[in-house]
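# Topology and contacts: notes
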Amino acid sequence: MRLLPLLAATCLGTSAALGIGHWLAGRLPQLSPDSGSRGLELLRRLAPDPVLRREATLLLLARAEGDPGRQRQLLANQAWGNDGVAAVVLKHSALAATALGQQRDAEKLWNQLLRRFPNAAPTADALYALGQQRPSLHRQLFQRFAAHPAALAAALERRQADHLARWGARWPGAAALFREACAGRLSGERRDRLAGALARLGDRAAAGQCLRGQPAGAGTALAIARAQLLGDPAQIEQAEDQLLALALREPRSPEGQQAARLLSEGTGTRNLARVQRLPAPLLSTAPAQARLALAAGETGNLQPALAVLRRWPGDPASWDLQWQLARREALGRRWGHTARLLAPESSRGLPAALAARQLFWLGLSEWEQGQHQAAHRRWTELLQEHPGGYYGWRAWVRLGRADGGLGSAGGHRLPLPRWQPLASGEPLLDQLWRLDQRLEAWEGWRQRRGGKPPEGGGELLVEGRLRRGINDHWLGLGQLEQAQLLLPGSSCRERQQLERSLREVPLAEVFEQAARSSGVPATLLAAVARQESRFSPGVRSVAGAIGLMQLMPETANEVAGVRLSPSALLEPSRNAGLGGRYLAQLLNLWRGDPMLAVASYNAGPGAVGRWRSPSLRNEPELWVEAIPYPETRLYVKKVLGNLWSLRTDPIPRC
């Protein structure tokens, strides 16, 4: 009879422990990558709540990278339950067993993952690993997880060019496989698909060779023309002819409409003549009408432009038209016309980056017309809603505050990284991100998206952050910068998240070391590197610039005093150090002026010396807009905006 009281006491004790565990879990801060390792170790061992123990385990797992023995120890007995987190535990247990040479254990774990979680993203890795010996499993992998990185890796190994062209044209090694496949005998449809993939990668010559004279499909023709638009003037002419032909042939298709939009973004009299030849349904759209209005505005007639702004206030073509003409009027000091073009009602729903530009120049046009209080209100509003970037800096200065010390060489350490929630709208992905399982979150996102590119500012924000989380800063930062141009100004929470994401600086220790050796602030070095390479050490430009700071080999050799191999410039510390020494020379040449130094880094000190004028001191914003090289004009604003954001805390108030 003593057994019954003992069982009752045990049940009561267990219930009490679970109750205390849930009570504690509800009051503890949610675990995240900001949680300390010592506290996580205590929770892993002692927390009554098994969910809390497993979350602490996964956070510690991320810190045990490169130590498979420690990983296996951490993951023991954590694959319970039927949720996506258990699938991740099984995957990492199998990977750790493989790294330790425990192949039999790894195979058991992969099979368990395949059996228990047939549709979970980590199962793609099980199919990949088991498929090395059982090719039929790779066929399942291609069918069930087509866009998953495991499927793309298997496709490359098995020379499945079609699969990569459909689901992962940017996968490393895919381009060479496409070119190889194009040399063989192919159906017209397959040849078009491979040519389109090559064109999307920017290799227009290989795309043309792949077609072998066969007419390109609409998507492939659009991709080839888009790639040609980045070429020399002759290639741009050819691209515009191709865009016009596509628009005439398929005016109601998505490709025809996109062709008309791209064509309408061109310049010059020949481009205008092509736009005027667009079929009626496309000629009456916002992009074409904006192009015609721009031509009229360049002759002084602003009425067509104002009509376009009233009719299509939310179209990107209207935003571009508005800025091009407003800039022209401001450079001509026709401030009344500038203010009229920038009237807030003419551009409802502007993205945050463009709203900041509009507020600044509205304020400046009001200031120049003697409306000083109105100008101060504009700039104050700008700093409240869009405090970061170039226009946040210029509004700060115009309000009579200090210049932010952008020209000084002291202090200014890089901001410390701060973890923030993903907010993807997918609970499992958000949880994996919070548990520092960034690769798992990325692979889950890619699988759910089916390899499709992100649509809209919100998806660009999420995918850009996920890519940066796995150190793909080149594409990730590019997507975040696209999001800046698409997120509406009213989305304050997303703008806060975006600003924090853009301030993250990888390789911070490299920039700090280069700052110490060159005397140039680490924030300035990082601001230049973000614009030059998006923090990607392996980047090489078409012009021959190399590495983190995009140094030309001749410049690097001159600064170093010795001849360096191109491969040596790919090393981040050496590249950042040489870039810092070159920036120090430019700052010394221009007596610490950051605008002249940054412009010289892009265009060369000789060109910048020809552009110097009194307006640089009196009206620096107009001086920047008068730079004759569009690339340098944008470069100066981007780098100095990066610098301001790194030296302040430019998070908008909601």
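Higher on the page you've got the structure.
What comes next is a walk through the structure. What you see is a predicted model, and the numbers here were worked out from it, not measured in a lab.

Bringing the overall build of the protein chain into the picture now. Within the protein chain one finds 39 helices and zero strands. Taken along the three principal axes of its C-alpha coordinates, the protein chain extends 100 × 65 × 60 Å. For the protein chain, the residues scored as buried account for 51% of the 654 residues in total. Sequence-distant contacts, at least 24 apart, represent 54% of the contacts inside the protein chain between residues at least 6 apart. With an accessible surface of roughly 30700 Å², the protein chain has 53% of that area assigned to carbon and sulfur atoms. Between the averaged position of the 83 positive side-chain charges in the protein chain and that of its 58 negative side-chain charges there is a distance of 2 Å.

What follows deals with the side chain of Asn271. Take Asn271: it is sitting in helix α17 (residues 269–276). Here Arg291 takes part through its side chain, which lies 2.8 Å from a polar atom of the side chain of Asn271. For Asn271, the contacting residues outside a window of four places in its chain are Glu240, Leu263, Gly266 and Arg291.

For the structure shown, the criterion picks out eleven aromatic pairs. Between Phe360 and Tyr391 the ring centres are 5.6 Å apart and the planes differ by 40 degrees, which places this aromatic pair in the tilted class. Highlighted residues: Phe360 in helix α23 (residues 352–368) and Tyr391 in helix α25 (residues 389–398), separated in sequence by 31 residues. Judged by its relative accessible area of 0%, Phe360 is buried. Their ring planes at 70 degrees and their centres at 6.1 Å tell us that Tyr390 and Trp393 sit as a pair that is edge-to-face. Linking Tyr390 with Trp393, this pair stays in helix α25, spanning three residues, or about one helical turn. Looking at Tyr390, the relative accessible area reads 5%, which means it is buried. Taken together, the ring pairs in this structure connect Trp323, Phe360, Trp361, Trp367, Trp379, Tyr390, Tyr391 and Trp393 into an aromatic cluster. When the ring centre of Trp393 is taken as origin, the NZ or CZ atom of Arg394, which lies over that ring, is 4.5 Å away. The ring of Trp474 has Arg534 sitting right over it, with the charged end atom 4.3 Å from the ring centre.

Right, let's get into the side chain of Glu625. Tracing the chain through its elements places Glu625 in helix α38 (residues 620–625). Setting aside residues up to four positions removed in sequence, Glu625 forms contacts with Trp323, Arg327, Leu331, Trp361, Tyr391, Arg633 and Lys637.

Taken as a whole and judged by the stated rule, the model has one disulfide. The side chain of Cys182 participates in a disulfide bridge whose partner is Cys210; the two sulfur atoms lie 1.9 Å from each other. Here Cys182 and Cys210 share a disulfide; its torsion about the S-S bond, -75 degrees, makes the bridge left-handed. Here Cys210 lies in helix α13 (residues 204–211) and Cys182 lies in helix α11 (residues 174–182), a separation of 28 residues in the sequence.

For the rest of this paragraph, the subject is the nonpolar core. Counting 93 residues, the largest nonpolar core has Trp361, Phe511, Met549 and Tyr601 as its most contacted members. Setting aside residues no more than four positions away along its own chain, Met549 makes contact with Phe511, Leu525, Val528, Ala529, Glu532, Asn575, Ala576, Gly579, Leu583 and Tyr601. Ranked by size, the runner-up nonpolar core spans 63 residues in total, among them Leu58, Leu127, Ala181 and Ala195.

Put simply, helix α19 (residues 286–297) and helix α21 (residues 316–331) touch, their axes get as near as 9 Å, and they point 10 degrees apart. The angle between α19 and α21 falls in the class roughly parallel. For the pair formed by α19 and α21, the contact residues are Ala286, Pro287, Ala290, Ala293, Leu294 and Gly297 on the first element and Ala317, Leu321, Gln324, Leu325 and Arg328 on the second. Among the residues making up the contact of α19 with α21, the classes are represented as eight nonpolar, two polar and one charged.

Among the residues of helix α8 (residues 135–144), Leu137, His138, Leu141 and Phe142 are the ones counted as buried. For α8, the angular spread of buried residues about the axis comes to 150 degrees, placing them on one side. If you follow the buried residues of α8, they end up packed against α7 (123–130), α9 (149–157) and α10 (161–167).

This paragraph deals with the environment of Leu194. Here Leu194 is to be found in helix α12 (residues 188–200). Note on Leu194: relative accessible area 0%, which makes it buried. Remark: the alpha-carbon pair of Leu194 and Leu246, spanning 52 residues in sequence, is separated by 19 Å. Apart from the residues lying within four places of it in its own chain, the contact partners of Leu194 are Ala161, Asp162, Ala165, Phe178, Ala181, Cys182, Leu186 and Cys210.

Basis of the calculations
Residues numbered from 1 in each chain as written. Predicted model: local features only at pLDDT ≥ 70, side-chain atom pairs only at ≥ 80, totals over all residues. Heavy atoms only, no water. Helix = DSSP H or I, 4+ residues; strand = E, 2+ residues; numbered from the N terminus. Buried < 20%, exposed > 50% of the residue type's maximum accessible area, 1.4 Å probe, protein only. Contact = heavy atoms within 4.5 Å. Areas by Shrake-Rupley, 256 points an atom, 1.4 Å probe, with all protein chains shown as cover. Lys, Arg positive; Asp, Glu negative; His and termini not counted. Charge placed at Lys NZ, Arg CZ, Asp CG, Glu CD. Polar contact = N/O pair within 3.5 Å; in protein donor to acceptor, adjacent residues only side chain to side chain. Phe/Tyr/Trp six-rings, centres within 6.5 Å; stacked < 30°, edge-to-face > 60°. Lys NZ or Arg CZ within 6 Å of the ring centre and 35° of its normal. Disulfide = S-S within 2.5 Å. Core = buried A, V, L, I, M, F, W, Y, C linked by side-chain atoms within 4.5 Å. Axes fitted to C-alpha atoms, helices over the stretch in contact; angles between N-to-C directions. Parallel < 35°, antiparallel > 145°, perpendicular 65-115°, else oblique. Nonpolar A, V, L, I, M, F, W, Y, C, P; charged D, E, K, R; others polar. Arc of directions from axis to C-beta.

Geometry only, nothing functional implied.
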